[in-house]
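Examining the three-dimensional arrangement
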Amino acid sequence: MLLREVGYARPSSLDEALSLLAATDGARALAGGQTLVNVMKARAASPDALIDLNGLGELKGIDLAADGTLRIGAMATYTEIAESAEARARPILGEVCATIADVQVRNRGTIGGNVCSNDPTNHLPPLLAAVGAQMTIAGAGGERTVPADDFFLGVYMTAVGPDELLTSITVPPGKSDGFASVTLGADGTCIVSAAASIDGGVRVALGCVDAVPVVLQPESADEQAVRAAVREARLDPPSDVHASSEYRAHLAGVLAVRAANDASHRARS
Amino acid sequence: MSTTTTTPTIAPDVVETEAPAKQWSGQNVPRKEDKRLVQGQGVFVDDVKRHGMGFVHFVRSPFAHAHITSIDVSKAEEIGGVYGTLTGEEVASLTDPFFQLSTPPGAHLEDYALALGKVRFVGEPVVAVVAETRELARDASELVEVEYEPLDPISDARRAQDGQAPILHEAAGSNVMWEGVYEWGDLDAAFAEADRIVKIKELHFHRFNSTPLECDGALVEYNRGTAQWTIHTNNQFPGFAAIMMGPAMRCGLDKLRFVTQDIGGGFGNKITSHPQLVVCCLLARKLRRPIQWTEWRTDFHLSMSHGNERWFHDTEVAVKADGTLLGFRTKALDDAGAWLRYEPLGGVIWAQVTPGMYRWRHIRLDFTQVATNKAPVSPNRGYSRMQHLWFTERVIDIVAHELDLDPVEVRKRNYIRADEMPYETPNGCVYDSGDYAKMLDVALDLIGWSGIDERRRDAEARGKLLGVGIGSTLDSGTNNFGQSRMINPELQFSGNNEVATVKLDIFGEIVVTLGTTPQGQGHETTAAQVVADILSCSVDDVHVRAGHDSYWNSHAGFSGTYASQFAVTGLGAVKGATDLLAGEIKKLGSVILGAPEEALELAEGTVRIKGTPEAALPFMACGAIINANNAGLPEDLGVTLNCRYVYRPQFEVPDVERKFGNLTLTYAAQVHAAVVEIDPETGAYDVVDYVAVDDCGKRINPQIVEGQVMGATAQALGAATHEQFVYDEDGNLLTPNFYDYHVPHALDMPPLQTGYIESASPFTPLGTKGMGEGGGAGIHAVCAAIQDALRSRGGAIVWDSCNPYHRVWEMLEHPERTRELVEVVER
Amino acid sequence: MEPTAATVSPARQITVTINGTTYEREVEARKLLIHFIRDDLDLTGSHIGCDTGNCGACSVIVDGTLLKSCMLLAVQADGASIETVEGIADDDELTKLQQSFSDRHALQCGYCTPGMLMSATALLRANPQPTEEEIRKALQGNICRCTGYWNIFEAVKDAADGAGA
């Protein structure tokens, strides 16, 4: 409950933030804090310094480009996404954000924090993997873009390097998406989740079954095809107090079908 | 979820005593506690501050079982701002081990306030560090060097008696902490008469507790001149804490002053903080400064007051073909965790409700309590009765299931009947009053029993399995502590008591002090209602001091708030004290007004001559005369207007040999009905409808009573679905905080309807029965509903009290595994 | 040298306005906002019930936004305007919301109540006539162990009909 001593800085520009990260040993970015502060309370991780991103206007904002592409600032909160008119270009995003935890967490927690912490039970990594999001990363050398499929590298590990920051996430417009989960209580932590997206082909991304989202490309959105894809993935999910590996694997199959059905249904309507 | 309604839908079945013109009792008087609490001006223990206080942090064991080979606090103590430390060695030199309630081998446990030589559960406090700030104490604790030599832990109670099982307490020589055999009636005859014997190999009541939102805490000051400690704390049973702490600390009990004010929930889980309080006391004296202790959520989950985890093995039930239950035998294996703190009383307390709500007369229960490398077990809401009542309800449903009978009919056939009350159970407990069948009818009506089949079909059309279940339970209240002698005949406890004082001050203020330690039950309000009725004044004229202070009224031996008894013991004490005060007021009035006492009445805040309301002496005048203007009063007047009363319920010492006698004064009851819908593809389910019907006799404040019923329901729903203290094989707790230990939140709550009847108790001063714990009816009902839903999918038996989604899925996938637990033998 | 926003420092001077009163204090960067409020400013109405950000007993309103103060550092509140339960009412009178809580017996031990009141206050400001579902959703981040929540829903509904949220 009580943090170790830590340094703190509150930069007012992205460049300043990147400089501080590069210059300060053991520095970590502080986004919404809805995960990191708890980690620090438990002393499971104790960065030497926190670089507070909450003053960076450049990382806020939800914009629609002329071609309908949705650009979401990394520091956009779940509430902002859920309430954003622009974000309705991809309705599944706001719908899922609205089910994360509770109002207080949604008012402060950010999409950037969610994907960069990459806890296997987080909602947004599988969702963004399914919709084919592009992650824009800034560092000393400038900006680069990484597709979601290459972004999630391991438990708590992403393509963002130690002196880099995720600045925005770009998502094409679309509504043929679905999301299904079994959670620990209403709006609770995911036990297993599945996101599906139909855009020509079908993409299904499974959460909570591996270190990173497991992305499948079934031949169609039909139940048989989806189940076959899940089987072929040869999942070996973790066991914990909430679910055995076998149960998670079973849920993955069921939820993948439900997410795909949801996406199909929306595709037709 | 659809809307909730709470509607008492049945007229109260009240036993009329007398009905004066205006009664505060029975009214929803607004709570006196509320104003300060909604303003954020409550004083909870962490709000109490003292200049120069030192913050304590406990270094806790990372191992479930290990020798402590060395402790080095020097690096921690070198840090500026660190005031000092305390180790188990110091504790052992300054104190004696805590008194053990058990007989040997449990009696041989040497329980000190900090671990000595060995650690026996993950999270066990080993060293205490005190510093200028909270953060510094936490930092310094990381510099304390403790060397451990790990030992094999045992975390499954069923293995605790195996030959190779590691022994927790060498002095005991065994992991068996207590065992006893209870047997009444004639089991051989019952089983000979039975048409069927239903055998249930294993049932399991899981480990959880009520996780009050506020954890334990204390601010302890030491007076060097008088060697007296003032312990500001939220311990809910100061009577017990004092009895444990005084002898250990080698000081008189009067040296331990307990002060409580607002407590953020207790539910029994704040009874056994005495080891930590001893540490704080020793530190306050050693370091010559006040000591502040805040228990964090993880600390609480790791170490404090887990509820009894109990296995029921080799159950055999003797039953007639028509569902008449004759008797049962079972072997109860209770997991006490690493230390006996209040245990092994759980080994007898279940016997308050031996037959549950049913009329079977032939019962045998072999009770064995073992130690394991887990947090110590202590009372949790429904303490030990809930486990047993869950067992009886499971038996009812499983027997009904196996004999293809309706569980409702089996209950009605076997419930103790209203016309049999007061009812003596096979072991001599007396159920004071009640009408269980009537409550069941109310519950069935409210849940829409007649329309269940249609609901089932509707759910099926949506791809869901619907189930409905009944959970009935008792809330026995006001213990006869003589039952402790059935655990250990040497114990010198029996009966019960509670204290109150009521006085009339110089300006006419009526001031009440209670011996209790309320944690939200509204004692200030209900006590005022009782006082106002007796003195015929307004509740607004009655000031009840908040909380408990052992120096106000010198607590009686059992003072505190626990075990569903305030409405009997606390209010009994208030009534007694107020009756005395009323008598004294009339006596004074008689002298001043010149009329005999029989001619006087108390009305509108005065004592006056009946029929001549002008001849009145206001309370203010009474107070002024006695306190400051008393010349000329008769020498033998004997009026002080400061009355103390200790309520003592009528009990005998139980017959220890036969394990027979009345163990509790009152028996409130609850009957619940739950409707669940299971998603058969995932095992996930929702409770979609819920009814709770209660009977606690006379209700002093109906809204407060209903609040307790609702709260108990919510906690039971949490326990039934997700709340568990789960350990891995190495003794690590996998649910150490609210992230993994999921308690119900707002979106989890089903719609709720409530109903009630009132069967007054013939044994209590006000006709009230203690209530508040509830008895876990929600757990019984949800288990029954799940089993009902699964009937059409292989007929799995619900054998565990907690059914998270993975367990339901396992029952769907492999019903045969649970069916293997049950066998029906035809005779 | 005075730490500016853009230097890393383990402590800094902050200026925070709480319930209309402005405080200037030096705080360690590691100090949680809830501890600053309770321990440094002696505003003990906001409570701590967990250590993982789940229970909501620490809920406060920061610059108009409902947040859990156990997941903010005090230094992050520099320049902010915060409302806690002590500031809900103007004086010693209770607001309609507070009175409704009492009338409906929506509190027993009172420990979760300040957080509940802040969450309900935030809800009623944004949504003066919430449905029960919206009330549940708004209170999802506040754990209560005493009441079962049902009376709390009723109290918020009652308050929704009047002013004083």
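Here the structure is a predicted model, which is why all the values come from computation and not from measurement.

Remarks on helix α4 (residues 134–141) of chain B
- Across the eight residues that make up α4 of chain B, a large majority, eight, are buried.
- Looking at α4 of chain B, one finds that the buried residues are R134, E135, L136, A137, R138, D139, A140 and S141 of chain B.
- Here the buried face of α4 of chain B lies against β1 (54–60), α2 (74–78), β3 (82–87), β5 (125–131) and β12 (291–294) of chain B together with α1 (33–40) of chain C.

Here's the deal with the side chain of D694 of chain B
Residue and element names in this part refer to chain B.
- Counting through the fold element by element, D694 comes out in strand β28 (residues 685–695).
- A relative accessible area of 4% places D694 in the buried class.
- Separated by 2.8 Å, the side chains of D694 and R699 make a polar contact.

Some thoughts on the sheet that holds strand β3 (residues 59–62) of chain C
All names here are of chain C.
- Reading across the sheet, the five strands line up as β2-β1-β5-β3-β4 and stay open at both edges, with mixed pairing between neighbours. Looking at which strands have only one partner, the edges of the open sheet turn out to be β2 (21–28) and β4 (65–68). Neighbour-to-neighbour, the strand axes of the sheet open up by a mean angle of 40°, direction not taken into account.
- Sheet analysis places strand β1 (residues 11–18) next to strand β5 (residues 81–83), joined by two bridges and oriented parallel. Across the sheet, residue T17 finds its bridge partner in β5, namely S81.

Considerations on a nonpolar patch on the surface
All names here are of chain B.
- Together, I506, F507 and M620 give the surface a local cluster of nonpolar side chains, amounting to about 310 Å² of exposed area.
- Relative to the elements of secondary structure, I506 occurs in the loop between β19 (498–504) and β20 (510–514).
- I506 gets classed as partly exposed once you look at its relative accessible area, which sits at 34%.

A closer look at the pairing of β3 of chain C
All names here are of chain C.
- The two faces of β3 match: S59 and I61 on one face and V60 and V62 on the other face are all buried.
- Judged from the four bridges that link them, β3 and β4 form a sheet pairing that is antiparallel. By the bridge assignment, S59 is partnered in β4 with K68.
- Hairpin connection, β3 to β4: the antiparallel pair is bridged by two residues, and D63 has positive phi, about 50°.
- Judged from the two bridges that link them, β3 and β5 form a sheet pairing that is antiparallel. Within β5, the position partnered with I61 by the bridge is E83.

Describing the interface of chain C and chain B
- Facing the 52 residues of chain C at the interface are 56 residues of chain B.
- Counting across the interface, chain C meets chain B through seven salt bridges.
- Taking the shortest distance from any N to any O, the salt bridge between R30 of chain C and D139 of chain B comes out at 2.7 Å.
- If you list the elements that add at least two residues to the side of chain C that touches chain B, you get α1, α2 (96–103), α3 (113–126), α4 (132–139) and α5 (150–160) of chain C.
- Here the side of chain C that touches chain B gets five residues from one element, more than from any other, and that element is α4 of chain C.
- Split into classes, the residues belonging to the side of chain C that touches chain B amount to 19 nonpolar, 17 polar and 16 charged.

Describing the sheet that holds strand β3 (residues 49–52) of chain A
Residue and element names in this part refer to chain A.
- Strand order in the open sheet made by the three strands is β1-β3-β2, with parallel pairing throughout. Bordering the open sheet on either side are β1 (7–9) and β2 (27–30), each of which pairs with just one other strand. For this sheet, the mean angle separating the axes of adjacent strands, direction not counted, is 25°.
- Inspection of the sheet shows β2 paired to β3 by four bridges, in the parallel sense.

Concerning the environment of N175 of chain B
Residue and element names in this part refer to chain B.
- When you line up the elements, N175 lands in the loop between β6 (145–150) and β7 (176–184).
- By relative accessible area, which is 2% here, N175 ends up buried.
- For N175 and A338, which are 163 residues apart along the polypeptide, the C-alpha to C-alpha distance reads 9.5 Å.
- Among residues more than four places away in sequence, those in contact with N175 are I154, A160, A165, P166, I167, L168, Q369, V370 and A371.
- Here the side chain of N175 touches P166 through a polar contact of 2.8 Å, landing on its backbone oxygen.
- Of note is the side chain of N175, whose polar atom sits 3.0 Å from the backbone nitrogen of L168.

Observations concerning the domain arrangement of chain A
Residue and element names in this part refer to chain A.
- For chain A, the assigned domains read domain 1 (7–53), domain 2 (62–171) and domain 3 (177–268).
- The distance between the C-alpha centroids of domain 1 and domain 2 comes to 19 Å.
- With ten residues of domain 1 in contact, the opposing surface of domain 2 contributes 14 residues.
- Between domain 1 and domain 2 lies a buried interface of about 1,000 Å² when both sides are counted; carbon and sulfur atoms form 72% of it.
- Counting the contacts that link domain 1 with domain 2 gives zero residue pairs in polar contact (both at pLDDT 80 or more).
- Looking at which element gives the most residues to the side of domain 1 that touches domain 2, the answer is helix α1 (residues 14–23), with five residues.
- Residue classes in the side of domain 1 that touches domain 2 are distributed as eight nonpolar, two polar and no charged.

As for the nonpolar core
- Ranked by internal contacts, the top residues of the largest apolar core, which has 252 residues, are L206 of chain A, M245, I678, I779 and I786 of chain B together with F101 of chain C.
- Each residue touching L206 of chain A, except ones within four places of it in the same chain, is listed here: P126, S193, A194, V212, P213, V214, L216, L235, A252 and A256 of chain A.
- Membership of the second largest hydrophobic core comes to 75 residues, among which are A76 and L166 of chain A, W296 of chain B together with Y23 of chain C.

What to know about the packing of aromatic side chains
Residue and element names in this part refer to chain B.
- One pass over the structure, following the stated rule, counts 31 aromatic pairs over all chains.
- Between F205 and F208, the aromatic rings sit 6.0 Å apart at their centres with planes inclined by 40°, giving tilted as the arrangement. Judged on exposure class, the residue F205 and its partner F208 are both buried.
- Its guanidinium or amino end placed over the ring of Y182, K659 lies 5.3 Å from that ring's centre, counting from NZ or CZ.
- The aromatic ring of Y756 is capped on one face by R699, whose charged end is 3.8 Å from the ring centroid.

A look at the interface of chain A and chain B
- Listed by partner, the interface residues are 23 residues for chain A and 22 residues for chain B.
- When chain A packs against chain B, close to 2,200 Å² is buried across both sides, 56% of that on carbon and sulfur atoms.
- The tally of links from chain A across to chain B stands at six salt bridges.
- At the surface where chain A touches chain B, the tally comes to eleven residue pairs in polar contact (both at pLDDT 80 or more).
- Elements that contribute at least two residues to the side of chain A that touches chain B include exactly β11 (177–183) and α10 (245–268) of chain A.
- The element that contributes the greatest number of residues to the side of chain A that touches chain B is α10 of chain A, accounting for six residues.

Reading the values: rules and limits
- Residues numbered from 1 in each chain as written.
- Chains lettered and ligands numbered in written order.
- Predicted model: local features only at pLDDT ≥ 70, side-chain atom pairs only at ≥ 80, totals over all residues.
- Heavy atoms only, no water.
- Buried < 20%, exposed > 50% of the residue type's maximum accessible area, 1.4 Å probe, protein only.
- Helix = DSSP H or I, 4+ residues; strand = E, 2+ residues; numbered from the N terminus.
- Contact = heavy atoms within 4.5 Å.
- Polar contact = N/O pair within 3.5 Å; in protein donor to acceptor, adjacent residues only side chain to side chain.
- Pairing = 2+ DSSP bridges.
- Axes fitted to C-alpha atoms, helices over the stretch in contact; angles between N-to-C directions.
- Patch = residues over 30% accessible without salt bridge, like charges linked within 9 Å, V, L, I, M, F, W, Y side chains within 5 Å.
- Areas by Shrake-Rupley, 256 points an atom, 1.4 Å probe, with all protein chains shown as cover.
- Salt bridge = Lys/Arg side-chain N within 4 Å of Asp/Glu carboxyl O.
- Nonpolar A, V, L, I, M, F, W, Y, C, P; charged D, E, K, R; others polar.
- Domains from an automatic or database assignment.
- Buried area = accessible area lost by both parts, 1.4 Å probe.
- Core = buried A, V, L, I, M, F, W, Y, C linked by side-chain atoms within 4.5 Å.
- Phe/Tyr/Trp six-rings, centres within 6.5 Å; stacked < 30°, edge-to-face > 60°.
- Lys NZ or Arg CZ within 6 Å of the ring centre and 35° of its normal.

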